[in-house]
Amino acid sequence: MMTTTSPQSPFPATDSDRNQIWHMLVPRDIAAFVAADWSMVEHDFKADGFYAIDACTSDDPDTWKMMFPDLTAYRDEWLRQAIAAQQIDYAEDLFNAVFRATTLDKIDITGNRALVRKHFNGRIKKADGTEDRLLWKTHYYCEKQGTGKWLITGFTGYLPNHDPD
C-alpha cells in the first residue's frame, strides 16, 4: 500500500530544534521501520555511550531492564522487530497506521540536551481481522552536536501508557 499521510510537525516552523527532533523521531523513524532499513536512521544515534532501558510497560522502576547496553544491541532488536512486521499482512498502510498512533508534542530542551516524549496509542488492522495494539511511551534523550544536528543518546522505552483510547 502507498503512504498517504503527510507528516506535519506540531511545532512552529521557527522552532528548528524541535522540528529537527520531531522529523527524526516520527516520520523518518516510522519510514525506516516500515522499510526495515536501519541505514535510514543509523546516523540519528550517538553510538558512543548509547544505551536504552526497557520499562516492560511497568510503573515500577525496580522491574525495568537494561535491555540495550549499546547501539548494536538496540539495532539488532530494532531490525528483528521491523523484519517481523514486514511478515504481517496488514489491512491498512503500516506507515499511516503507526503515524496515526504516534504523538510527539512535548520536547524539553535545556542547553544542548533534550528530553523527548513519544506516545504510542492506536491499533493497526490486520488482514485476518485481528489487530496489533500500540500502547506505550518512550522517553528519548538527545544531544545537540557542535554541527547543530541532534542525536539520540539513549531512551527509556515501553513505559506504560495510561492515555485514554
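This report concerns the structure included in the present document. Within each chain, residues carry numbers counting from 1 in the order of the written sequence. Local features in this predicted model are restricted to residues of pLDDT 70 or higher, and side-chain atom pairs are both shown and tallied only at a pLDDT of 80 or more, whereas totals for entire chains, interfaces and linings draw on every residue. In computing side-chain properties, one takes all heavy atoms of the structure into account and sets aside hydrogens as well as water.

### Concerning the overall build of the protein
Rules: Note on conventions: DSSP H or I runs of at least 4 residues are helices, E runs of at least 2 residues are strands, and numbering of each starts at the N terminus. Each radius of gyration is computed over the set of C-alpha atoms, and the globule rule expresses the reference value as 2.2 Å times the number of residues to the power 0.38. The cut-offs for exposure are 20% and 50% of the maximum accessible area for each residue type, with area from a 1.4 Å probe on protein chains only; residues under the lower value are buried, those over the upper are exposed, and the others partly exposed. A contact between two residues is defined here by any heavy atoms of the two lying within 4.5 Å. Using a 1.4 Å probe, the Shrake-Rupley method yields the accessible areas, and only the shown protein chains count as cover for residues.
Secondary structure summary: the protein contains 3 helices and 6 strands in total. Tracing the protein from N to C terminus, the helices and strands come up as α-β-β-α-α-β-β-β-β. At 16 Å, the protein has a C-alpha radius of gyration in line with the 15 Å of a compact globule built from 165 residues. Principal axes of the C-alpha set define a box for the protein whose edges measure 50 × 40 × 35 Å. Within the protein, the proportion of its 165 residues that are buried is 44%. Of all intrachain contacts in the protein linking residues separated by at least 6 positions in sequence, the fraction that spans at least 24 positions is 57%. Of the roughly 8900 Å² of accessible surface on the protein, 52% is carried by carbon and sulfur atoms.

### Here's the deal with empty space enclosed by the protein
Quick note on the threshold: Every definition here rests on a 1 Å grid over the protein atoms only: cavities are sets of points where a 1.4 Å probe fits but cannot get out, pockets are open sets enclosed by protein on both sides within 12 Å along at least five of seven lines, and lining residues have some atom within 4 Å of a point. Grid points are joined across faces, edges and corners, and a volume is the space filled by probe spheres set on the points. When residues are sorted by character, Ala, Val, Leu, Ile, Met, Phe, Trp, Tyr, Cys and Pro go into the nonpolar class, Asp, Glu, Lys and Arg into the charged class, and all the rest, Gly among them, into the polar class.
Inspection of every chain in the model, using the stated rule, returns 1 cavity of 30 Å³ or more. Contributing to the lining of the largest cavity are Met24, Leu25, Asp29, Val41, Asp44, Phe45, Tyr74, Tyr140 and Ile152. Examining the composition of the lining of the largest cavity, we find that 3 residues originate from one element, helix H1 (residues 16-35), more than from any other. Across the lining of the largest cavity, the residue classes break down as 7 nonpolar, no polar and 2 charged.

### A few points about the nonpolar core
Note on soluble globular proteins: their nonpolar side chains tend to be buried together. Our working definition: Within this scheme, the nonpolar core is defined by two criteria: the residues are buried Ala, Val, Leu, Ile, Met, Phe, Trp, Tyr or Cys, and they are joined through side-chain atoms within 4.5 Å.
If you look at the biggest cluster of nonpolar residues, it comprises 40 residues, and the most contacted ones within it are Leu25, Tyr74, Val116 and Cys142. Among the elements of the structure, H1, helix H2 (71-86), helix H3 (94-101), strand E3 (102-110), strand E4 (113-125), strand E5 (131-144) and strand E6 (150-159) are those that each provide at least two residues to this core. It is H1 that provides the largest number of residues to this core, a total of 7 residues.

### Here we look at unusual backbone geometry
At Ala36, a position not held by glycine, the phi torsion is positive, near 55 degrees. Relative to the helices and strands, Ala36 is located in the loop between H1 and strand E1 (51-54). According to the relative accessible area criterion, Ala36 is buried, its value standing at 18%. Phi at Thr57 is positive, roughly 50 degrees, even though this residue is not glycine. Relative to the assigned elements, Thr57 resides in the loop between E1 and strand E2 (65-68).

### Considerations on the pattern of salt bridges
Side chains that differ in sign of charge can pair as their charged atoms come close. What counts here: Basic side-chain nitrogens of Lys or Arg form a salt bridge, by our definition, when they fall within 4 Å of a carboxyl oxygen of Asp or Glu.
In this structure the tally under the stated criterion is 14 salt bridges. Residues Asp29 and Lys118 are paired through a salt bridge, measuring 2.9 Å at the closest nitrogen-oxygen approach. Here the residue Asp29 occupies a position in helix H1, and Lys118 occupies one in strand E4, the gap between them amounting to 89 residues. The partner of Glu77 in a salt bridge is Arg80, and the shortest N-O contact between them spans 2.6 Å. Remark: Arg80 and Glu77 occur in helix H2; sequence separation between them is 3 residues, near one turn of the helix.

### Quick notes on the environment of Phe155
Looking at the secondary structure, you find Phe155 in strand E6. In this structure, the C-alpha to C-alpha distance between Phe155 and Gln87, residues 68 residues apart in sequence, is 27 Å. Setting aside its immediate chain neighbours within four residues, Phe155 contacts Phe50, Tyr51, Ala52, Ile53, Phe68, Tyr74, Thr138, His139, Tyr140 and Tyr141.

### Observations concerning the sheet that holds E5
Spelled out, the test is: For two strands to pair, DSSP has to find at least two bridges joining them. Each axis is a line fitted through C-alpha atoms, and for a helix only the stretch in contact is used; angles between axes span 0 to 180 degrees, taken between their N-to-C directions.
Reading across the sheet, the 6 strands line up as E2-E1-E6-E5-E4-E3 and stay open at both edges, with mixed pairing between neighbours. With partners counted over all chains shown, the strands left at the sheet margins are E2 and E3, one partner each. In this sheet, adjacent strand axes meet at a mean angle of 25 degrees when their direction is disregarded. Contacts from H3 reach E3, E4 and E5, with the element oriented near 120 degrees to E4.

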